[in-house]
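Observations on the model geometry
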Amino acid sequence: MQYLMLIYMNEKQFDAKPPAELQAMFHEYNALSADLGKSGALVGGNRLQATTTATTVRVRDGKSQITDGPFAETREQLGGYYLVEAKDLDEATRIAARIPSARHGSIEIRPVHAM
Amino acid sequence: MEAAGAIADVFRAERSRVLATMIRACHGDFDLAEEAVQDAFEAALARWPTEGIPGEPRGWLIQVGRHKAIDQIRRRVKLREIIAAEPEPIIEVEPTSALGDDRLRLIFTCCHPALAREAQVALTLRTLGGLTTEEIARAFLISHVTMAQRLVRAKTKIRDARIPYEVPEASELAARTDAVMAVVYLIFNEGYAATAGDAWVRKDLCREAIRLARIVVELTDAGEAFGLLALMLLHDSRRDTRTDEHGDLILLEDQDRARWDRAGIDEALALVPRALRDGAGPYAVQAAIAALHAGAPRASDTDWPQIASLYDELVRRAPSPIVVLNRAVAIAMVLGPAAGLAAIEPVRVELADYHLLHAARADLLRRLGRDREAVAAYREALARVGSVPERRFLERRLAELA
């Protein structure tokens, strides 16, 4: 079963981190990705660019409305994701707990709808 | 009819075990399993009165339930107009599983941390406790529709997010067992606190919680499970003496101890040493405290120094403002009301909205002869109290001072 792990974190806090700390975090992410790849759990994953680069599209009455950024001012922003294969929610939870950002932000686990 | 009574007894005794096994057989599909169990019980009701109750009623019910589940899947498959003739495979089930009791898997699934606490409680009562949705709704003072939706949402999440139907891994077992015990104790307190609601169902909640604790004891053999069971038995042993015929509150010191349920107390007292053996967790220590109360023939015989030192232990192991408050009451009994009042101070701000903090302060101030402060504290308590018997008690005390 596939689970999407949405990685939420505070962008401002993230940007304020000293370079050495960021470096260590990226290193940790790379190690986790490699590990998940080796075990066959990794389906995909990416880091996203900051919400300042985000665009929102809505189609209403056939017309596209395009706006800058996400609307809600939330404490944490979506910063990246993993798509993993796990046998059940407990296995998925264990993987989520290994994501470095889980220690500062939060990981939302969403089972992928089987088509 | 005697046969009907005997059949009802079998259903009551076997329902949670049969359901637990059927859920495993149905790969965690709670709805399918519940339907199959219902069908199996109906088949039994139709056949057992003439054929007699089989020697292995549980095995019979599981076999019939299994066939009913397969029928159900075939029907679903037809409904979806899927051409494949083969139904989804159902694993073979042995009535007496070598893998241990299926109820253990069931209780861990029902109390899975990915479910909201209120959903854990409802699902546990519905599947392991055998209360109807209607009864659970009444006990928690919410509408039948809301409770039914809560159960549906929980069962859907179990299926769609694939919450596993298994005993957790060793590394997670202790934490997950704690969660199960928290749910059981919450069910008990909901029944015991009697803040509102249908009295009959409330008593039922206490009985269900004790029954569930027996299952946890039997399945996990954990010290804290023994402690939880003993603690609830000891509280429950006083159930008939806590209020008078008008429904007014009777304090522990004024209760008719001859009417405490002796059988419950004896059972609990035998469990306490076992509970304390595994390093004395919070439930075990609380059970030991309750045991000291239960063991005192008269209120004046209570071993308060021992109780106070057990509260010290509890503050060390499981610190919470409520524990500090209870410890203060014990200290007042040993060292006098002034010492008790001083022991309350550290949690006065934190528990400012808790009526029992003010009630405890009021009582100690009254005993110190500081009547004006006592009156003010009783008023603070009255402004926050929820239950009618407690309100009447506080009003009586206030009237005595005025």
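Residues numbered from 1 in each chain as written. Chains lettered and ligands numbered in written order. Predicted model: local features only at pLDDT ≥ 70, side-chain atom pairs only at ≥ 80, totals over all residues.

**Thoughts on the confidence of the model for chain B**
Residues shown with low pLDDT carry predicted positions that ought not to be read at fine detail. All names here are of chain B. The condition that has to hold: A residue's pLDDT is simply how confident the predictor is in it, with values from 0 to 100. Runs of H or I in DSSP of at least four residues are treated as helices and runs of E of at least two as strands, each being numbered from the N terminus. Residue pairs qualify as contacts under a 7 Å threshold applied to their C-beta atoms, which are placed from the backbone.
Per-residue confidence for chain B gives a mean pLDDT of 87; residues scoring 70 or more make up 92%. The lowest-confidence element of chain B is helix H9 (residues 199–220), averaging 81 in pLDDT; the highest-confidence one is helix H15 (residues 337–344), averaging 97. Between residues 95–99, whose pLDDT stays under 50, and residues either more than four places distant or in other chains, the model counts six contacts. Interface confidence for the predicted complex, given as ipTM, is 0.83, next to a pTM of 0.79.

**Considerations on the environment of Ser101 of chain A**
All names here are of chain A. What counts is decided by this rule: Between the buried cut of 20 or more and the exposed cut of 12 or fewer other C-beta atoms within 10 Å of a residue's own C-beta lies the partly exposed class, and all C-beta atoms are placed from the backbone.
Its location among the elements puts Ser101 in the loop between helix H3 (89–98) and strand E6 (106–111). Looking at Ser101, the number of C-beta atoms within 10 Å reads 22, which means it is buried. The sequence separation of Ser101 and Met25 amounts to 76 residues, and the corresponding C-alpha distance is 8.5 Å. If we ignore the near neighbours within four places in the chain, the residues touching Ser101 are Ile7, Met9 and Gly79.

**Section: the interface of chain A and chain B**
To keep it simple, the criterion reads: Throughout this entry, Asp, Glu, Lys and Arg are counted as charged residues, while Ala, Val, Leu, Ile, Met, Phe, Trp, Tyr, Cys and Pro are counted as nonpolar. The remaining residues, Gly among them, count as polar.
Taken residue by residue, the interface counts five residues in chain A and six residues in chain B. Considering only residue class, the side of chain A that touches chain B consists of three nonpolar, no polar and two charged.

**Brief notes about unusual backbone geometry**
Residue and element names in this part refer to chain B. Phi at Arg162 is positive, roughly 55°, even though this residue is not glycine. Residue placement: Arg162 occurs in the loop between helix H7 (144–160) and helix H8 (170–193). The exposure class of Arg162 is buried, given the 20 C-beta atoms found within 10 Å. Even without being glycine, Asp221 reaches a positive phi, approximately 55°. Looking at where Asp221 falls in the secondary structure, it is placed in the loop between H9 and helix H10 (223–236).

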